[in-house]
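An overview of the molecular structure
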Amino acid sequence: MSDTPQWVLDKIAEVKAQGSTELDLSAPEIDGGDLTIIPPEVFELDFLTSLEICRHKIQFIPSEIAQLENLTTFHLSGNKIKKIPVILCHLSNLQELYLYDNQITEIPVTIKQLSHINIIDLHNNNINDFSNLSELISLRQLYLGMNRINLIPPSIGKLKGLVVLELLINNIAVIPSEICHLKSLEILSLDSNLLSELPEAIKDLSKLMQLTLSRNRIKEIPACIFQLKELRLLSLSSNEISQIPKDICKLEKLEKLILKGSTNVVYPRDYSWRINVSKNDENPIEIPPPEVVDQGLESIRNYYKQIREEGITKLYEAKLLIVGEAGAGKTTLANKILDQHYELQPEDTTHGIDIHEYIFPYQDHDFRVNIWDFGGQEIYHATHRFFLTERSVYILVADERKEDTDFDYWLNIIQLLGKKSPVIVLLNEKLGRKRKINESALRGQFPNLKEIISLDLSKSEEIPKLVNKIQAYLQTLDHIGDPLPKTWTNLRTFLETDGRNHITLQEYIDLCDDFGFKENTDKLSLSQYLHDLGIVLHFQDDPLLNKTVILSPEWATDAVYQILDHPEIIENYGTFSRKDLQLISINTAFDNMHDEVLQLMIKFKLCYRITETANIYISPQLLNPQQPKYGWRKSNNLIAEYRYDFMPKGIVSQFIVEMNRLIKDQNLVWRSGIILHKDNTDAEVIENLAQRKITIRVRGDHKQNLLTVIFHELDKIHDSYHGLQVDKLIPCNCTECKPKPNPELFPFADIKWAISKHQPTLQCRRSFELVKVQGLIDEIYDPSTNLPPPIPNTEFLGDERIIIKDSTVNITPKAVTEPKPESPISNDATPKLPVVLTSSFAMGYLFALVAVVILVAASVLHPISLAIALIGITMLYVLIGVFTLRAADQTKDESMVQLVTIVLQQLPVLGNVVSAIRGIANKGN
Ligand SMILES: Nc1nc2c(ncn2[C@@H]2O[C@H](COP(=O)(O)OP(=O)(O)OP(=O)(O)O)[C@@H](O)[C@H]2O)c(=O)[nH]1
Ligand SMILES: [Mg+2]
């Protein structure tokens, strides 16, 4: 009797009855299918033109395949095929061959017999040589991503009809010049390889519309690219490119230039997350200035147009940031830089930030430095992320006497926010006191730490040397001497002389017009550039704040900090009313600007308005540090966690501001935590700075929904710190963990990795149960929130070829037939033993096995006793298993023999042997 499952026989009968020439036996989910061979009945259907059997466990293609001589489409992706048999090449009518997501290592030489082949998709296999494909002159699309290719054969030039060539995620270091013969090529994907240059011959690909080269080692955009007149999309993110040359303007048809991030990355297949592109994948671009580049391709084109029309000037201006704990000597240092003969005196503590202008001569120019002297008190730390900018020089001042400086925290936050900006540590030996710090360890950990200087600021003779060093580091900043259009520097000089603290966006735009700016993108690029250099403040992404350009950053920071520093507000644990602001009368300069100041604070996530009252605000970092007492039922919670390599201060206070609309009881919000309430559901979110983690517990009717919202908000905050290393952990939902208040947690990175590897399950470390990856995601994500899923499942392919899939799937461009989703295969029909048996009993079985072997080895037992003991242990286990299955009524239709096989298959060691024997038996059939 045939072993072919009934559902296959039914499908075949249906095809015959309908007179269809297409048969699809694919499983809906990866590894979801249970076929280990192509059912023999299929080979009787010699009228088939299309056969699809995807996502099963098929290991080989039998010779009977040659009987299907009418096949034009053969789709066997997502199986376990190791070899393309020669016999397959006899299918001379074949036009489309899909064998992706298999384990193929070689392409047979006979493949050249497929003289009508149009599409070959072999992505995600183990192929390293594809030269045998070179004779297939009818080939239009070739997909070879995710293989082990390190060489493109020169014979590739013979594939003259090729339209799509996809070779991403391989180890290719060189492209042969013969590629220039591919005159029909429109899409060339070479991301995630080892390329540092391209052959000049690329310029001859006159039809090329899409060239993707992200994640390679390119330092300079190869000049030949600028001759590809038809190019619409060029992707270069995550390379080492520092300059976009003006020749980019020659690519008139270019619509998209991708220089960082994964958004809009376009692939013929959905690789986006197999290659794990993140939005932080950038290039170290200096020219044009990053603010111009960030505004997009049009802005880059305008920048060069302006330079062409008006000529250039150079900018010698930079920001020097002095940070450290309160009383360390920052203000004293700032004063010493401004005037080396400055006499030390008792200084008032700095409120917020003091900004000073400092000018020194440099190469016949004035080099202008904006010194930002930060108040050291803890309360100011939460706003650091707005002001600790890139492309600046940092001085971390540490008081040697107090020894209170947390070098790890400061150097980490500077590295996170200042990126490659050089850092000088100044050990201020007040009263000549010195301390040893572990200099080499710090230097190893923080490559941007340039100098550690010990010095007593009261000794004037040591100051000139220090100031010279600071000047030298300022001069080495990459943007110094950047060419800028003349209009930019003219307007910058004008703004400097403008006495106003702030102007409206319209006034700024009018000024730009007066100075000859033509494009709006240029005006915004300039305000962003000045914002980054600390010259103005313009928050372009905030709907209220973007209407004001703050010409005096100090004015704005003073306003904010005077509120936070106010004793009454501190005493009220951060609660204040709009009226209080007038009473405080922080500074007459703020009159009529209270709304803007409040909005600035909300923008900085420093306060929120209590929803139920009209004008009461709360600043969460001033809240009571004491966690309030409240009851929390621990059963049936949804648990999650974030763990940080380095945890910046203020994440939870920003979160509180963002989520304030879900606060039901203001008494249940404290400095490091919050209780949220939504639709009969509560969530507790608590920050633990010492352990560098945030823990989340959710209980109630709509746990997934609330957790989806919490994840979304926290992820948004994390994203605002580009490069923050944080892992999200989500709960295991195996039968043992699910009811527990402390389930096993899976790092989200593992989930992504499992999906990229087509691994449908992960093993719980506690119960050893296999849990479905998709099930883990479903547990934490509620699509009804309309928030983006934790793992993107849609990709947009240029000319509206939209690809929509579940998160574990492959993608097919328009030309390729999409596998039909529905299939009668159940996901996993095999009855499962209870976890107790598969975990603890299995362990017991293994233990007994090892014990018996040791006893034999030690000659305590005779080898015959070993055999008897093994059989005895196994039989005992099998009996228990069989009776358990019967008792659970999972298997009323199974015979005793089948039940024994099922139990044996779930035993460690023996299970593998039984499966192997079954596999061989099936092959034999
Ligand atoms: N003797 C001596 N006193 C110093 C030295 N550096 C700073 N001081 C004194 O230490 C006190 C605090 O110095 P500041 O420069 O105000 O410290 P700060 O880091 O700006 O402090 P905050 O603004 O509160 O963050 C002042 O009274 C200084 O005069 C030093 O090198 N030697
Ligand atoms: Mg100070």
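Note that the structure is a prediction, hence the values are computed from the model and not measured.

What follows covers the overall build of the chain. In terms of regular secondary structure, the chain is built from 23 helices and 35 strands. When each of the 925 residues of the chain is scored for burial, the buried share is 53%.

This part covers the site of ligand 1. Contacts to ligand 1 come from 21 residues, most closely from Thr-332, Gln-345, Thr-349, Thr-350 and Asn-428. In the environment of ligand 1, an oxygen atom lies 3.0 Å from a nitrogen or oxygen atom belonging to the backbone of Leu-457. Its free accessible area being 650 Å², ligand 1 has 85% of it covered by the protein chains. Per-element accounting of the shell around ligand 1 gives the leading share, 3 residues, to helix H4 (residues 330–338). Here the residues of the shell around ligand 1 sort into 5 nonpolar, 11 polar and 5 charged.

For helix H11 (residues 520–532), spanning 13 residues, the distance from its first C-alpha to its last is 18 Å, which sits close to the expected 18 Å at 1.5 Å a residue. When we look at burial in H11, the residues that qualify are Asp-522, Lys-523, Ser-525, Leu-526, Ser-527, Tyr-529, Leu-530 and His-531. Downstream of H11 by one or two residues, Gly-534 has phi in the positive range, about 80°.

Moving on, we get to the sheet that holds strand S24 (residues 616–618). The strand order across the open sheet formed by 3 strands is S22-S24-S23, and the pairing between neighbours is antiparallel. Since the sheet does not close on itself, it has two edges, and those belong to strand S22 (575–577) and strand S23 (608–609), each with one partner. Pairing between S23 and S24: 2 bridges, direction antiparallel. Paired with Arg-609 across the two strands is Tyr-617, which belongs to S24.

Pairing is parallel across the open sheet formed by 11 strands, whose spatial order is S1-S2-S3-S4-S5-S6-S7-S8-S9-S10-S11. Taken across any chain shown, the strands that pair with only one partner, and hence form the sheet edges, are strand S1 (22–24) and strand S11 (256–258). The average angle at which neighbouring strand axes cross in this sheet is 5°, direction not considered. Note: strand S9 (residues 210–212) against strand S10 (residues 233–235), 3 bridges, orientation parallel. The residue bridging Leu-211 from the neighbouring strand is Leu-234, located in S10.

This model, assessed by the stated rule, comprises 16 aromatic pairs. Taken together, a centroid distance of 4.8 Å and an interplanar angle of 10° make the contact between Phe-360 and Phe-367 stacked. Judged by relative accessible area, which is 0%, Phe-367 ranks as buried. Ring geometry for Trp-488 versus Tyr-529: centroids 5.8 Å apart, planes at 65°, classification edge-to-face. Note that Trp-488 is positioned in helix H9 (residues 486–497) and Tyr-529 in helix H11, a separation of 41 residues in sequence. Residue classification places Tyr-529 among the buried residues on the basis of a relative accessible area of 1%. Each member of the aromatic cluster is reached from another via a ring pair, and the members are Tyr-316, Tyr-358, Phe-360, Tyr-362 and Phe-367.

Turning our attention to the side chain of Asn-302. Mapping Asn-302 onto the fold places it in helix H3 (residues 297–310). Take Asn-302: its relative accessible area is 8%, and that puts it in the buried class. Those residues in contact with Asn-302 that lie beyond four places of it in its chain are Glu-519, Thr-521 and Asp-522.

Under the counting rule described, the total for this entry stands at 28 salt bridges. For Arg-391, the salt bridge is made with Glu-291, and the minimal N-O distance between the two is 2.2 Å. Taken as a pair, Arg-391 in the loop between helix H5 (384–387) and strand S16 (393–399) and Glu-291 in helix H2 (residues 290–294) lie far apart in primary sequence, 100 residues in all. Here the two residues Arg-391 and Glu-291 agree in accessibility, since each one is buried. In this structure, Lys-523 and Asp-513 form a salt bridge, with 2.7 Å as the shortest nitrogen-oxygen distance. Here the residue Lys-523 occupies a position in helix H11, and Asp-513 occupies one in helix H10 (residues 505–514), the gap between them amounting to 10 residues.

What follows is about the side chain of Ser-525. Within the secondary structure, Ser-525 sits in helix H11. With near-sequence residues (within four places) excluded, Ser-525 lies in contact with Glu-291, Val-292, Gln-295, Ser-299 and Trp-488.

Let's shift gears to the coordination of the magnesium ion (ligand 2). Surrounding the magnesium ion (ligand 2) are the protein donor atoms Thr-331 (OG1) and Thr-350 (OG1), which sit 1.9 to 2.0 Å from the metal. A residue pair is termed long-range when its members are at least 10 positions apart, and Thr-331 in helix H4 and Thr-350 in the loop between H4 and strand S14 (353–362) qualify at 19 residues. Note on Thr-331: relative accessible area 16%, which makes it buried.

Right, let's get into the pairing of strand S19 (residues 482–485). A two-sided burial pattern is seen for S19, the buried positions comprising Asp-482 and Leu-484 on one face and Pro-483 and Pro-485 on the other. Judged from the 4 bridges that link them, strand S12 (residues 312–315) and S19 form a sheet pairing that is antiparallel. By the bridge assignment for S19, Leu-315 is matched with Asp-482.

What follows is about the pairing of strand S29 (residues 693–700). Two strands pair when backbone bridges link them, and strand S25 (residues 638–644) and S29 are joined in this way by 6 bridges, in the antiparallel orientation. In the sheet register, Leu-638 faces S29, and the bridge partner there is Val-698. Relative to S29, strand S28 (residues 681–688) is paired through 8 bridges, and the arrangement is antiparallel. Note on S29: the bridge partner recorded for Asp-682 is Arg-699.

Another point: the environment of Ser-720. Turning to its location among the elements, Ser-720 is positioned in helix H17 (residues 703–720). Taking the C-alpha atoms as reference points, Ser-720 and Arg-385, 335 residues apart in sequence, are found 8.8 Å from one another.

This part is about H4. Counting buried positions along H4 gives 8 out of 9 residues, so the element sits mostly inside the fold. Taken residue by residue, H4 has Lys-330, Thr-331, Thr-332, Leu-333, Ala-334, Asn-335, Lys-336 and Ile-337 as its buried positions. Residues of H4 that are buried sit in contact with strand S13 (317–324), S14, strand S15 (365–374), S16, strand S17 (423–428) and helix H8 (463–476).

We now examine the packing of H17 against helix H19 (residues 773–780). Packing of H17 against H19 brings their axes to within 7 Å, and their N-to-C directions diverge by 85°. By the angle between their axes, H17 is roughly perpendicular relative to H19. On H19, the residues that touch Gln-704, Leu-707, Thr-708 and Phe-711 of H17 are Asp-778, Glu-779 and Ile-780. Grouping the constituent residues of the contact of H17 with H19 by class yields 3 nonpolar, 2 polar and 2 charged.

Per-residue confidence for the chain gives a mean pLDDT of 82; residues scoring 70 or more make up 82%. Taken together, the stretch residues 793–832 has pLDDT below 50 and engages in 95 contacts with residues farther than four places along the chain or on a different chain. Contacts from residues 888–894, a stretch scored under 50 in pLDDT, to residues over four places away or in other chains number 12 contacts.

So, about unusual backbone geometry. Cis geometry is adopted by the peptide bond preceding Pro-288, which originates at Ile-287 and carries an omega value of -10°. Secondary-structure assignment places Pro-288 in the loop between S11 and H2. The backbone of Arg-215 sits at a positive phi, close to 55°, despite the residue not being glycine. Structurally, the position occupied by Arg-215 is in the loop between S9 and S10. Positive phi outside glycine occurs at Tyr-573, with the angle close to 50°. Overall, Tyr-573 belongs to the partly exposed group, its relative accessible area being 41%.

Scoring rules and cut-offs
Residues numbered from 1 in each chain as written. Chains lettered and ligands numbered in written order. Predicted model: local features only at pLDDT ≥ 70, side-chain atom pairs only at ≥ 80, totals over all residues. Heavy atoms only, no water. Helix = DSSP H or I, 4+ residues; strand = E, 2+ residues; numbered from the N terminus. Buried < 20%, exposed > 50% of the residue type's maximum accessible area, 1.4 Å probe, protein only. Near = heavy atom within 4 Å. Polar contact = N/O pair within 3.5 Å; in protein donor to acceptor, adjacent residues only side chain to side chain. Areas by Shrake-Rupley, 256 points an atom, 1.4 Å probe, with all protein chains shown as cover. Nonpolar A, V, L, I, M, F, W, Y, C, P; charged D, E, K, R; others polar. Expected span 1.5 Å × (residues − 1). Pairing = 2+ DSSP bridges. Axes fitted to C-alpha atoms, helices over the stretch in contact; angles between N-to-C directions. Phe/Tyr/Trp six-rings, centres within 6.5 Å; stacked < 30°, edge-to-face > 60°. Contact = heavy atoms within 4.5 Å. Salt bridge = Lys/Arg side-chain N within 4 Å of Asp/Glu carboxyl O. Donors = N, O, S within 2.8 Å, 3.2 Å for Na, K, Ca; no water. Parallel < 35°, antiparallel > 145°, perpendicular 65-115°, else oblique. pLDDT = per-residue confidence, 0-100.

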